Amino acid sequence: MLRHTILFILLLSAYTATATNTHIQGRIPSPLYGITLDDVSEHSITAIIDAIKALPVKPTARIVIDADKKPADFVSLLAGIHEVAYIMLCPCDSYDMAFYKTAESYKARFAECVAYLTPYVDIWEIGNEVNGEGWLGGSEKLIAEKVYTAWKYIHQQGFATALTAYMADPDSQSIAMEDWLLNYIPPDMRNTLDYVLVSYYDDDNDGKHEEWQNMFKNLYNMFPNSLLGFGECGFAKPHNAGKTFNTQADRYYRMLPYNHRYIGGYFWWYWQEDCIPHKQNSRWNKIADNFLWMKEQYR
């Protein structure tokens, strides 16, 4: 009898993992209406939820947890946000990558987040701006090993994974983004990632990359089973309302799909700083209007 009970528990666990994977993969419809929250706290949570609830669509909130923050402290915060938004969790921003000296310590960061925050996370960002040069710390090989180890751990849990690459002015880095991904992301990961996203800031690159069609064609071929989009955009710092803000928001959120696996995203980096409080805030209105535009285009 005991053996049968143990077998039943094992089978039930396997079924639950499979069901969870299907649920996570299927519950975020295209497109992803992306916003970024980089300072979630007890102080900011009420205004965050109010601003999200007022949006005309259900967004996907990319939540960044800084290296000095404990995942356990975010349980109630993410629970509240998850009632009004999907969540893509970034347990390690690119600027925090250097804090984790080994692949195992990087994986441990994700394991701690999984232990506390799993019920509220729809997508796990297992690497942010992974090919950026000069601020991630360590060799390219070590960075790739960290990202792969985190991806394997999260993927084996049955959870959806996202990888964010860094697109830059072609003259500013020693290796092009697509070449880095091809050289350092192993085939099993390239064939299995759920989302591949691109971070790009015009301010940082003098707007020197406009060949998005070719870039997304390359990513489409390199990651045959991944959904594609932008994982970060905006300005290098919070920005005043006005024509410049509106032009930049339109430039990204109003892009037409580049292929049938393109899901938008964009995840305006300073959405929290620019759009909260949201009442009588033209920046909040602009991105909300762009969400409605996206809704019409992705029918």
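See above for the structure.
Computed from a predicted structure; not experimentally measured.

Brief notes about the side chain of Glu178
- In this fold, Glu178 is placed in helix α6 (residues 177-184).
- One buried charge, Glu178, has no salt-bridge partner; the nearest side chain with opposite charge is Lys217, at 11 Å.
- In this structure Glu178 touches Met167, Met215, Asn218 and Met222, once residues within four positions along its chain are discounted.

Notes on the state of the cysteines
- Taken as a whole, this structure holds zero disulfides when the rule is applied.
- Residue Cys113 stays outside any disulfide, its sulfur separated by 9.5 Å from that of Cys90, the closest cysteine.
- On the accessibility criterion, Cys113 (0% relative accessible area) is buried.
- For Cys233, which is in no disulfide, the shortest distance to another cysteine sulfur is to Cys275 and amounts to 11 Å.
- Overall, Cys233 belongs to the buried group, its relative accessible area being 0%.

Topic: the environment of Pro186
- Inspection of the secondary structure assignment puts Pro186 in the loop between α6 and α7 (187-190).
- C-alpha separation for the pair Pro186 and Glu145, spaced 41 residues apart in sequence, amounts to 9.8 Å.

A short note on the nonpolar core
- Judged by nonpolar contacts, the single largest core of 86 residues is most densely connected at Ile81, Leu181 and Trp271.
- Examining the composition of this core, we find that seven residues originate from one element, helix α5 (residues 140-156), more than from any other.
- With residues up to four places along the chain from it excluded, the contact list for Leu181 reads Val130, Leu163, Ala165, Arg190, Leu219, Met222 and Phe223.
- Residues Ile28, Leu32, Tyr86 and Ile263 belong to the second largest nonpolar core, which totals 10 residues.

Analysis parameters
- In every chain, residue numbers begin from 1 and rise along the written sequence.
- In keeping with the model being predicted, local features are shown solely for residues with a pLDDT of at least 70 and side-chain atom pairs are shown and tallied solely at 80 or more, while totals for entire chains, interfaces and linings include all residues.
- Side-chain descriptors were evaluated using all non-hydrogen atoms of the structure, hydrogens and water having been removed beforehand.
- In this text, helices come from DSSP runs of H or I with a minimum length of four residues, and strands from runs of E with a minimum of two, each type numbered from the N-terminal end.
- To sort residues, take the accessible area from a 1.4 Å probe on protein chains only and compare it with the maximum for the residue type: under 20% means buried, over 50% means exposed, and anything in between is partly exposed.
- When charges are counted, Lys and Arg contribute as positive and Asp and Glu as negative, whereas His and the chain ends are disregarded.
- The rule for a salt bridge is simple: a side-chain nitrogen of Lys or Arg has to be within 4 Å of a carboxyl oxygen of Asp or Glu.
- Note on contacts: a residue pair is in contact if any heavy atoms of the two residues lie within 4.5 Å.
- Cysteine sulfur atoms that come within 2.5 Å of each other are treated as a disulfide pair.
- For this analysis, a nonpolar core means a set of buried residues of the types Ala, Val, Leu, Ile, Met, Phe, Trp, Tyr and Cys, connected via side-chain atoms within 4.5 Å.

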